[in-house]
Amino acid sequence: MDWESPLSWDADAAVAAITRLARDGRADVPVYAIEADRRVATRSFEVAGSPLFIAEGIFAADIVEECRRRGVLAGAYALRRPRGATFVRRLARDLAEQRKAPRVLIRRGVALLRAEPAVLRRQTGLGAEAARARQVLRGVAGLLAGHPHRR
């Protein structure tokens, strides 16, 4: 399965887990092993009384509208970073974790580098706000400042 394909992901299960986290403060979440190209386990996750939690991923924008409809979305962001820096960070991480053969990682990284503008356009088209990391941090801080401290 291509990890860059929405078919590699269960959007309905993600929305259900986010809804349980927002309403109950805990949910069972999948554990993926990229090197195995599959989901390998499930683990319990708790937000421990935090008023907000962050769910992230390349397909997060695909569920923005459903999360908004269910009333469990505080904000949705698509990170806008310098493409070269993202390429270097991703390659360093993937090489350090030995996720795939180096040649595969480089080829994949170059493809992702080229596709990044289209990915950002798609994410914003699905309802995420394009923002730099500092803007996201300020936005989350603002949400926390104005949120009653309960789940």
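What this report covers is the structure whose coordinates are included nearby.

Reading the values: the criteria
Residues numbered from 1 in each chain as written. Predicted model: local features only at pLDDT ≥ 70, side-chain atom pairs only at ≥ 80, totals over all residues. Heavy atoms only, no water. Helix = DSSP H or I, 4+ residues; strand = E, 2+ residues; numbered from the N terminus. Rg over C-alpha atoms; globule rule 2.2 N^0.38 Å. Buried < 20%, exposed > 50% of the residue type's maximum accessible area, 1.4 Å probe, protein only. Contact = heavy atoms within 4.5 Å. Areas by Shrake-Rupley, 256 points an atom, 1.4 Å probe, with all protein chains shown as cover. Pairing = 2+ DSSP bridges.

Counting secondary structure elements, the protein contains five helices and four strands. Ordering the α and β elements of the protein from the N terminus gives α-β-β-α-β-α-α-β-α. Over its C-alpha atoms the protein spans a radius of gyration of 17 Å, differing by no more than 12% from the 15 Å that the globule rule assigns to 151 residues. Burial status across the protein gives 25% buried among its 151 residues. Counted over contacts in the protein with a minimum sequence separation of 6, partners at least 24 positions apart contribute 64%. As displayed, the protein has an accessible area near 10000 Å², and 54% of this comes from carbon and sulfur atoms.

Let us now look at the environment of Arg80. Mapping Arg80 onto the fold places it in the loop between β3 (77–79) and α3 (83–96). Take Arg80: its relative accessible area is 37%, and that puts it in the partly exposed class. For Arg80 and Arg132, which are 52 residues apart along the polypeptide, the C-alpha to C-alpha distance reads 5.0 Å. When residues no more than four places from it in sequence are discounted, the contact partners of Arg80 are Leu120, Ala130, Ala131 and Arg132.

Okay, the pairing of strand β1 (residues 26–33) next. Examined bridge by bridge, β1 and strand β2 (residues 38–46) share eight bridges and lie antiparallel to one another. Considered in β2, the bridge of Ala27 is made with Phe45. A loop of four residues connects β1 with β2, the two strands running antiparallel in sequence, and Asp37 in this loop sits at a positive phi of about 55°.

On to the environment of Ile34. Its location among the elements puts Ile34 in the loop between β1 and β2. Overall, Ile34 belongs to the partly exposed group, its relative accessible area being 27%. It is 6.4 Å that separates the C-alpha atoms of Ile34 and Arg99, two residues lying 65 residues apart in sequence.

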